[in-house]
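Each chain, letter by letter, is given below.
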Amino acid sequence: MDFESVIIYLSVFLTSLLCMWLGQNQINAVGTAVYNKRQKKFFGIFFFSVALLLPILLAGVRDTSVGNDINGYVLPNFEFAQNDSLNFSSFYRRMPVKTELLYAALLYIFGKMDNLFLFFTVIETLALVPIFIVLFQMRKQISISLGMAMYYFFFFNFGLSATRQIISMSLLFLAYFYLDKREYKKVIALSVIAFLFHSSVAIIIAIYFVVNWILKSRHKKIILSMVIIFMLLFFMNYEEWAEYLARLVRLVNPRYAYYIRHYLLLYTGFVQDNIPMTYALCQTVLVLIVAFFLFLTNKTEVRDRQLLFFVLLGEYFILFNGVFYESQRIAYYLNMFLLLYVPNIFKCFKNNFLNKFIVSICLIAVAMFYWLYDIMYIGSYATERFLFR
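Each helix and strand counted, the protein has 18 helices and zero strands in total. Taking 2.2 N^0.38 as the reference for a compact globule, 389 residues should give roughly 21 Å; the C-alpha atoms of the protein span a radius of gyration of 21 Å, in line with that estimate. When burial is assessed residue by residue, the protein has 54% of its 389 residues classed as buried. Summarising the internal contacts of the protein: among those between residues at least 6 apart in sequence, 74% fall at separations of at least 24. Looking at the protein as shown, the accessible area adds up to about 18700 Å², and 65% of this sits on carbon and sulfur atoms. Within the protein, one finds 33 positive and 21 negative side-chain charges whose respective centroids are separated by 16 Å.

All right, on to the nonpolar core then. Residues Tyr9, Phe119, Met148, Met150, Tyr151 and Phe155 are the most contacted members of the largest nonpolar core, which totals 143 residues. Looking at this core element by element, the count peaks at 13 residues for helix α7 (residues 144-161). Beyond its immediate chain neighbours, meaning those up to four positions away, Met150 contacts Phe155, Leu286, Leu338, Leu339, Val342, Leu363, Ile364 and Ala367.

What follows concerns the environment of Ile375. Note that Ile375 resides in helix α18 (residues 353-378). Expressed as a C-alpha distance, the spacing of Ile375 and Phe153, which sit 222 residues apart in the sequence, is 8.8 Å. Apart from the residues within four sequence positions on either side, Ile375 is in contact with Asn157, Tyr370, Ser380, Tyr381, Thr383 and Glu384.

At a minimum axis separation of 9 Å, helix α8 (residues 163-180) and helix α16 (residues 327-335) run at an interaxial angle of 35°. Both α8 and α16 take part in a crossing whose hand is right-handed. Listed contacts from α16 to Gln165, Ser168, Met169 and Leu172 of α8 are Arg329, Tyr332 and Tyr333. By residue class, the composition of the contact of α8 with α16 is four nonpolar, two polar and one charged.

Let us now look at a nonpolar patch on the surface. Judged by side-chain polarity, Ile228, Ile229, Phe230, Leu232, Leu233, Met236, Trp241 and Tyr244 come together as a nonpolar surface patch covering roughly 850 Å² of accessible area. Mapped by element, the contributors of at least two residues to the nonpolar patch are α11 (220-236) and α12 (238-249). For the nonpolar patch, the element with the most residues is α11, which contributes six residues. Summarising the element assignment, Leu233 is placed in helix α11.

Moving on: unusual backbone geometry. You will see that Asp114, though not glycine, has its phi angle at about 55°, which is positive. Within the secondary structure, Asp114 sits in the loop between α5 (101-113) and α6 (116-137). The phi dihedral of Tyr381 is positive, around 70°, even though this residue is not glycine. Within the secondary structure, Tyr381 is located in the segment after α18.

With that settled, consider the packing of α12 against helix α13 (residues 254-266). Across the interface, α12 lies against α13 with an axial gap of 8 Å and an inter-helix angle of 160°. The orientation of α12 relative to α13 falls into the category roughly antiparallel. Where α12 crosses over α13, the handedness of that crossing is left-handed. Counted together, Tyr238, Glu239, Ala242, Glu243, Leu245, Ala246, Arg247 and Val249 of α12 and Pro254, Tyr256, Ala257, Ile260, Arg261 and Leu264 of α13 form the full contact between these two elements. The residue inventory of the contact of α12 with α13, partitioned by class, reads ten nonpolar, no polar and four charged.

The next thing to look at is the side chain of Asn344. Mapped onto the elements of the fold, Asn344 is located in the loop between α17 (338-341) and α18. Residue Asn344 is classed as buried on the basis of its relative accessible area, which comes to 0%. Within the local environment of Asn344, its side chain forms a polar contact with the side chain of Asp304, the two groups lying 2.7 Å apart. In this structure the side chain of Asn344 is engaged in a polar contact, spanning 3.5 Å, whose partner is the backbone oxygen of Leu340. Not counting the four nearest positions on each side in its chain, Asn344 is found in contact with Ile142, Leu294, Arg303, Asp304 and Leu307.

Here we take up the pattern of salt bridges. Evaluation of the coordinates by the stated rule reveals six salt bridges. Across the pair Glu243 and Arg247 runs a salt bridge, and its minimum N-O distance is 3.4 Å. With Glu243 and Arg247 both in helix α12 and four residues apart, the pair spans about one turn of that helix. The residue Lys347 makes a salt bridge to Asp304 at a minimum N-O spacing of 2.6 Å. In this pair, Lys347 sits in the loop between α17 and α18 while Asp304 sits in helix α15 (residues 302-320), placing the two residues 43 residues apart along the sequence. Per residue, the accessibility class of Lys347 equals that of Asp304, and both read buried.

Conventions adopted
- Residues numbered from 1 in each chain as written.
- Predicted model: local features only at pLDDT ≥ 70, side-chain atom pairs only at ≥ 80, totals over all residues.
- Heavy atoms only, no water.
- Helix = DSSP H or I, 4+ residues; strand = E, 2+ residues; numbered from the N terminus.
- Rg over C-alpha atoms; globule rule 2.2 N^0.38 Å.
- Buried < 20%, exposed > 50% of the residue type's maximum accessible area, 1.4 Å probe, protein only.
- Contact = heavy atoms within 4.5 Å.
- Areas by Shrake-Rupley, 256 points an atom, 1.4 Å probe, with all protein chains shown as cover.
- Lys, Arg positive; Asp, Glu negative; His and termini not counted.
- Charge placed at Lys NZ, Arg CZ, Asp CG, Glu CD.
- Core = buried A, V, L, I, M, F, W, Y, C linked by side-chain atoms within 4.5 Å.
- Axes fitted to C-alpha atoms, helices over the stretch in contact; angles between N-to-C directions.
- Left-handed = near helix turned anticlockwise from the far one by under 90°.
- Nonpolar A, V, L, I, M, F, W, Y, C, P; charged D, E, K, R; others polar.
- Patch = residues over 30% accessible without salt bridge, like charges linked within 9 Å, V, L, I, M, F, W, Y side chains within 5 Å.
- Salt bridge = Lys/Arg side-chain N within 4 Å of Asp/Glu carboxyl O.
- Parallel < 35°, antiparallel > 145°, perpendicular 65-115°, else oblique.
- Polar contact = N/O pair within 3.5 Å; in protein donor to acceptor, adjacent residues only side chain to side chain.

Here it is as structure tokens:
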């Protein structure tokens, strides 16, 4: 483990979380304050700005060796874009490594500028801001800093590598927030933009609609039972059904159809080593803790059950990685709902600051354990050694 890198990451994460907490306190106080409302609002905006700027700048100044995928599809396309004779149409047709349209546009623009710093900062901004918007809009019900802690320790390093998918995940996270509010124009716009950053989002959109239909059905208990039985049978008989799945998935995402066939040749049967056990166990512990307190205090609402269902479905896809290697990427979309589900625990403690503080520390410690072991020790995503460019 590179302790210098651990200190760099933690310094940014913890300072950002502190600023998030201070910002939320100032903004929440605006509604009840008799005096200094403008001052509280100013300091709230200031603390939130600092909290967002720190991880964005950290992502911007990193070396190109930080992240598996940077040398895979970022640098080859970035360097290719610097060819003076290329317009965007020619660049997009002849890209060394094909990407989705909007991501290709960013590569082209910043490649022409020869500015990796701006490219990385814009990518991180597009990843962070949608998440912050959702948490900020729900600031009266949840803790913004606790939700952001889940993001930093479970998804930040992943985003330093999978720069396309992290944007798509964040935009879809925001789209689901607007879906809950029935603002369908925003949902459609955000879903289309997310698709133009990473086409895998089409699979998740299909899953979202199926899940929402199930949860709103009058016969949801029967349907859920049937779905669970089907999922178990599918898990156990994946190899026999994989070709049919590939044909179905090809309708919405040809790339995943290729992955299904490709990994079927590489792996036979259930491969336990392909399951990120630390990731699965830590998230399961978090879910159990929050679910226990919500049910114990009878604070569970319909939205909490929806969030729990999505997170548990994400856990299923994590385990499914044992038979289909790429399913973990699908799980990440669903596991993003941890950012809303975990902070829900604050409903159980009303205004007791000490209890909230202790519970927050315990929950963050679980997430940090995953981050320290899997990201910084094992070296997932090749981001464990942070180097400045």
